[in-house]
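# Overview (structure and organization)
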Amino acid sequence: MKVLFSTWKDKLIDNRGKPQDAWVDCPVKLPEAFDQNRKLTGFIGWGGIIILNEPYDVVEMAANYAKALQQSSCGKCFPCRVGTKVMEDLYSKILDGKGSADDLKQLEGLCETISKNSKCGIGQLGPEPIIQSIQYFRDDYQAYISGLKKAPGFHYPYKMTAPCTSACPTGMDIPLYIEHIKEGNFAESLKTIRTASPMASTLGRACFHPCENSCRRDNVDRSLAICKLKRFAWDYEDQHVTDKPENPMKHTRPEKVAVVGAGPAGLSCAYYLVLQGFHVTVFEKLPTLGGAAWTGIPHYRIPKHIMAREVKYLEDLGVEIKFGVEFGKDETFASLRSKGVKAFFLATGGDISKEMGVEGEKDNIPGVYGGIAILKDITDNVTKDVVKVPGLVPAHVPIPQTVLVVGAGNTAMDCVRSYIRLGCKDVNIVYRRTKKEMPADPHEVHESEDEGVKFNFLLAPTKLVTENGKLVGLECQKMEMGQPDESGRRKPVPVKGSEFVLKADMIISAIGQDCDIRFLKEEPTIKTTKWNTIVTNEDTFQTAVPDVFAGGDVVSGPLNLVTAVGHARRAAQGIGQFLRGESVGQTDAQIMEKIIAGIGAYDRTEEVPQAKGWNRKDMPICSRQDKVASFNEVELGYPLEDAMEEAARCMRCYIVGMACVPVQGGAK
Ligand SMILES: Cc1cc2nc3c(=O)[nH]c(=O)nc-3n(C[C@H](O)[C@H](O)[C@H](O)COP(=O)(O)OP(=O)(O)OC[C@H]3O[C@@H](n4cnc5c(N)ncnc54)[C@H](O)[C@@H]3O)c2cc1C
């Protein structure tokens, strides 16, 4: 994008005094406006200064940035705590026209001292743009010092975040919860996690942890075990605390909200809503809670008795869950509105397995299953003695000689790993691309290989093969990888005449899921996509019908736990605003969070000045033999000392980003 000036990541672009058509491009992505009504003309943060256009005032922006650094400083290390305060005071003098050239020298010296001697990102990365502002805008400072310039009083919203936090859809303050673990303050750690998500156990067990892919420690040696430390904080409370949680806001407001679906999105939204004082009832068609985290993710990854305890916490806070109620059939928008419901959150996920599109699939051949249904049956059977769920009728789970699972995502991995545990001797994946393109989490692929699953790559299923009405195999065609398509992804191309039959007495389709949104017939103005997902505002999750919000997989399509929880957090804020009669929208801090994510808080190529070689402490797992012999949890939990040691590897890479919004109000 074309900008007037930038020092971003040490690349100087100075278009001041040049006609706009001669401006050089800047590689940073910033939106053209702060929001619908307000311009964005500048940005200052950990990577430098960017000026998009007039009007701007770099001195006032730097002064506000110094103040933001002081407010973001945790105060634990002296140079940052005191240094940023002195910086703030010096800027106050300068903006009041009482500054001097010596003050500028002192500012530069302070910035260097703070950067060199601070222990976290605020102090280490924060001051550099202030030095740059003095270096490249000295005349502007001089104008203030000589009393020729007055601060325009623009608005400077800012956000403190970290690369890991910015990558987390819930916006969790990860460095803070890790710091609490390091200091042995486990209750505070869980409290911090719960400000962003009530599902520390579920996320700590099965989140795909985008945070760890944006961990600056990875630039030094290996990323921090952020996900498993979250589980540690929850496990610790589970094993040590017996008090019921308190919700001082419980039922302090009269409005009723209906949440449809007791999956991670529905439960999380219900949690944030009861904390705002609303009466919340979750309607769930099944007898079990947790959505796909219960029915899909197997017991050996998320034990269901543990999940039940996690959700009990929400019930103690005031969330009511009604099981066996199918929305669209047992209750509708009209029936619930007539009972006083003032807002809805639709979180029905996507629980219909996609068909493979092979010959014979419509013939109801015994032995052919959808991955979602079979995983649910397995969980119901495996957990029937562990978790007593009223109304749960476990189905018979067939155990084949040879099972072929078609697909290479996480559902496919859960199917094969479950069949290994059920004692099936010949467990296979059939995938039409290569290992490199597998969408499953690499950890799951590794575990499946370790447990004895066979992988058949570059094979596309074409036909179910039967003998006397009995399933005996799957006809497949060999594929080869062709040229990349418009998306840049190489497409598999069939090899003519290469069909052959893979033997099987069970075939499971695990190539994706669809959403069942038939209940929307009653509200035809709510828009849907061609993939049968619900269209909402991407920031507030409000649909075209003002009292109806939606989130999770039914909006994104099948995705992941942490995105579903992130949607729920935003939607609950929107529902709260709607019910309180406020305008439904984002806060300035949320807009900043999005701007920072757009710029990219994490730089994989950054040379991080830290000593290498402090090895990551991974969570211990059970032996391979124990793993494949039962549905017991594979990961055994962190011993306390290991968790504290792992937490100490965190470098607290906090950063501050600030925008210049040229509307009056909020300078100094
Ligand atoms: C097998 C499998 C493995 C997975 N593994 C992982 C993993 O390791 N990590 C990860 O991050 N993600 C994983 N995912 C994805 C993750 O589970 C989902 O993205 C997440 O559960 C979505 O949450 P949700 O609340 O939107 O929907 P869901 O979890 O699907 O919950 C929707 C709930 O709504 C209920 N419902 C549906 N229709 C109605 C209705 N009409 N009336 C009342 N109730 C209704 C359903 O019964 C269900 O309980 C996996 C998914 C599957 C299927």
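This part is about the overall build of the chain. Within the chain, the regular secondary structure consists of 23 helices and 22 strands. Here the C-alpha radius of gyration of the chain, 28 Å, is about what a compact globule of 668 residues would show, namely 26 Å. Dimensions of the chain, computed from the C-alpha atoms along their principal axes, are close to 95 × 60 × 55 Å. Looking at the chain as a whole, 55% of its 668 residues are labelled buried. Summed over its atoms, the accessible surface of the chain is roughly 28,900 Å², and 51% of this surface lies on carbon and sulfur atoms. In the chain, which carries 83 positive and 86 negative side-chain charges, the distance between the mean positions of the two groups comes to 0 Å.

Relative to the elements of secondary structure, E326 occurs in the loop between β8 (320-323) and α15 (333-338). It is 9.5 Å that separates the C-alpha atoms of E326 and F519, two residues lying 193 residues apart in sequence. Ignoring anything within four residues of it in the chain, the contact list for E326 reads K285 and E331.

This part takes up empty space enclosed by the protein. Tallied over the entire structure, the rule returns 4 cavities of 30 Å³ or more. Of the voids in this model, the largest cavity is the one considered here, and its volume is about 120 Å³. Looking at the largest cavity, it is lined by 14 residues, and the ones nearest its centre are C164, C215, C650, M651 and C653. Considering each element in turn, the lining of the largest cavity owes the most residues, 3 residues, to helix α8 (residues 174-182). The space that makes up the second largest cavity amounts to roughly 60 Å³. Along its surface, the second largest cavity is lined by C168, M172, I174, L203, C207, H209, P210, C211, K230 and V562. Along the lines of polarity and charge, the residues of the lining of the second largest cavity split into 8 nonpolar, 1 polar and 1 charged.

We now examine the sheet that holds strand β7 (residues 279-284). In spatial order, the strands read β8-β7-β6-β9-β21; together these 5 strands make up an open sheet with parallel pairing. Only two strands of the sheet have a single partner each, and these edge strands are β8 and β21 (548-550). When the angles between neighbouring strand axes are averaged without regard to direction, this sheet yields 20°. Sheet analysis places β7 next to β8, joined by 4 bridges and oriented parallel. Each bridged residue has a counterpart across the sheet, and for V282 the counterpart in β8 is I321.

Our focus in this paragraph is the packing of aromatic side chains. The final tally for this structure, using the stated rule, is 18 aromatic pairs. Arranged with centres 5.8 Å apart and planes meeting at 65°, the rings of W8 and F43 form a pair that is edge-to-face. Of this pair, W8 sits in the loop between β1 (5-6) and β2 (13-14) while F43 is found in strand β3 (residues 42-45), placing the two residues 35 residues apart along the sequence. Residue classification places F43 among the buried positions, given a relative accessible area of 0%. With 6.4 Å between their ring centres and 80° between their planes, Y56 and F137 make a pair best called edge-to-face. Taken as a pair, Y56 in the loop between β4 (48-51) and α1 (58-72) and F137 in the loop between α5 (128-136) and α6 (138-145) lie far apart in primary sequence, 81 residues in all. You'll find Y56 and F137 in the same group, each marked buried. Three or more aromatic residues joined by ring pairs form one cluster here, namely F5, Y56, Y136 and F137. Lying across the ring of Y300, R421 places its NZ or CZ 3.8 Å from the centre.

Where side chains of opposite charge bring their charged atoms close, a pairing between them can arise. Scanning the entire structure with this criterion turns up 55 salt bridges. Between R205 and D235 there is a salt bridge; the shortest N-O distance is 3.1 Å. One end of the pair, R205, is in helix α10 (residues 200-206); the other, D235, is in helix α11 (residues 226-240), and 30 residues separate them in sequence. According to the relative accessible area criterion, R205 is buried, its value standing at 5%. For D235, a relative accessible area of 8% gives the class buried. Across the pair R417 and E451 runs a salt bridge, and its minimum N-O distance is 2.8 Å. Note that R417 is positioned in helix α17 (residues 410-421) and E451 in helix α18 (residues 442-451), a separation of 34 residues in sequence. Residue classification places R417 among the buried residues on the basis of a relative accessible area of 2%. For E451, a relative accessible area of 4% gives the class buried.

So, on to the sheet that holds strand β12 (residues 402-406). Overall, parallel pairing links the 5 strands, which are arranged β11-β19-β12-β13-β14 in an open sheet. On the outer flanks of this sheet lie β11 (368-370) and β14 (454-456), each paired with one strand and no other. Each strand of the sheet is rotated relative to its neighbour by a mean of 25°, with strand direction disregarded. Looking at chain direction, strand β13 (residues 426-430) and β14 are connected through 3 bridges and run parallel. Within β14, the residue paired with V430 across the bridge is N456.

Once that is clear, we can look at the side chain of R652. Among the secondary structure elements, R652 is positioned in the loop between α23 (640-647) and β22 (655-660). The exposure class assigned to R652 is buried, which follows from its relative accessible area of 11%. Look past the residues within four positions of R652 in its chain and what remains in contact with it is C74, C120, G121, P175 and E179.

The subject of this paragraph is the domain arrangement of the chain. You can read the domains of the chain as domain 1 (5-162 + 654-660), domain 2 (164-243 + 597-647), domain 3 (256-351 + 515-585) and domain 4 (356-513). In this assembly, 13 residues from domain 1 lie in contact with 14 residues from domain 2. Together domain 1 and domain 2 conceal approximately 1,000 Å² of surface at their shared face, both sides included; 56% is due to carbon and sulfur atoms. For domain 1, the biggest contributors to the area lost against domain 2 are K76, A162 and Y654; these three give 42% of the whole. Counting across the interface, domain 1 meets domain 2 through 2 salt bridges. Linking domain 1 with domain 2 are 7 residue pairs in polar contact (both at pLDDT 80 or more), by the criterion used here. Partitioning the side of domain 1 that touches domain 2 into residue classes produces 9 nonpolar, 1 polar and 3 charged.

It is worth spelling out the site of the ligand at this point. By nearness alone, 36 residues border the ligand, and A206, E284, A292, R301 and D553 come closest of all. A265 places a main-chain nitrogen or oxygen 2.9 Å from an oxygen atom of the ligand. Within the backbone of L561, a nitrogen or oxygen atom sits 2.9 Å from an oxygen atom of the ligand. Bound to the protein, the ligand loses 96% of the 990 Å² it would expose on its own. Classifying every residue of the shell around the ligand by side-chain character gives 19 nonpolar, 11 polar and 6 charged.

Across its 17 residues, helix α3 (residues 101-117) extends 25 Å between first and last C-alpha, which sits within 8% of the 24 Å expected from 1.5 Å per residue. Three or more residues of α3 are buried, namely D103, L104, L107, L110, C111 and I114. End-on, the buried residues of α3 take up no more than an arc of 120°, which puts them together on one face. Along α3, the residues that are exposed and aim more than 90 degrees away from the buried face are A101, D102, K105 and K116. Each element contacted by the buried residues of α3 is listed here: α2 (78-95), α4 (121-125), α5 and α6.

Rules and cut-offs
Residues numbered from 1 in each chain as written. Predicted model: local features only at pLDDT ≥ 70, side-chain atom pairs only at ≥ 80, totals over all residues. Heavy atoms only, no water. Helix = DSSP H or I, 4+ residues; strand = E, 2+ residues; numbered from the N terminus. Rg over C-alpha atoms; globule rule 2.2 N^0.38 Å. Buried < 20%, exposed > 50% of the residue type's maximum accessible area, 1.4 Å probe, protein only. Areas by Shrake-Rupley, 256 points an atom, 1.4 Å probe, with all protein chains shown as cover. Lys, Arg positive; Asp, Glu negative; His and termini not counted. Charge placed at Lys NZ, Arg CZ, Asp CG, Glu CD. Contact = heavy atoms within 4.5 Å. 1 Å grid on protein atoms, 1.4 Å probe; cavity = no way out; pocket = protein on both sides within 12 Å on 5 of 7 lines; lining within 4 Å. Points joined across faces, edges and corners; volume = space filled by probe spheres on them. Nonpolar A, V, L, I, M, F, W, Y, C, P; charged D, E, K, R; others polar. Pairing = 2+ DSSP bridges. Axes fitted to C-alpha atoms, helices over the stretch in contact; angles between N-to-C directions. Phe/Tyr/Trp six-rings, centres within 6.5 Å; stacked < 30°, edge-to-face > 60°. Lys NZ or Arg CZ within 6 Å of the ring centre and 35° of its normal. Salt bridge = Lys/Arg side-chain N within 4 Å of Asp/Glu carboxyl O. Domains from an automatic or database assignment. Buried area = accessible area lost by both parts, 1.4 Å probe. Polar contact = N/O pair within 3.5 Å; in protein donor to acceptor, adjacent residues only side chain to side chain. Near = heavy atom within 4 Å. Expected span 1.5 Å × (residues − 1). Arc of directions from axis to C-beta.

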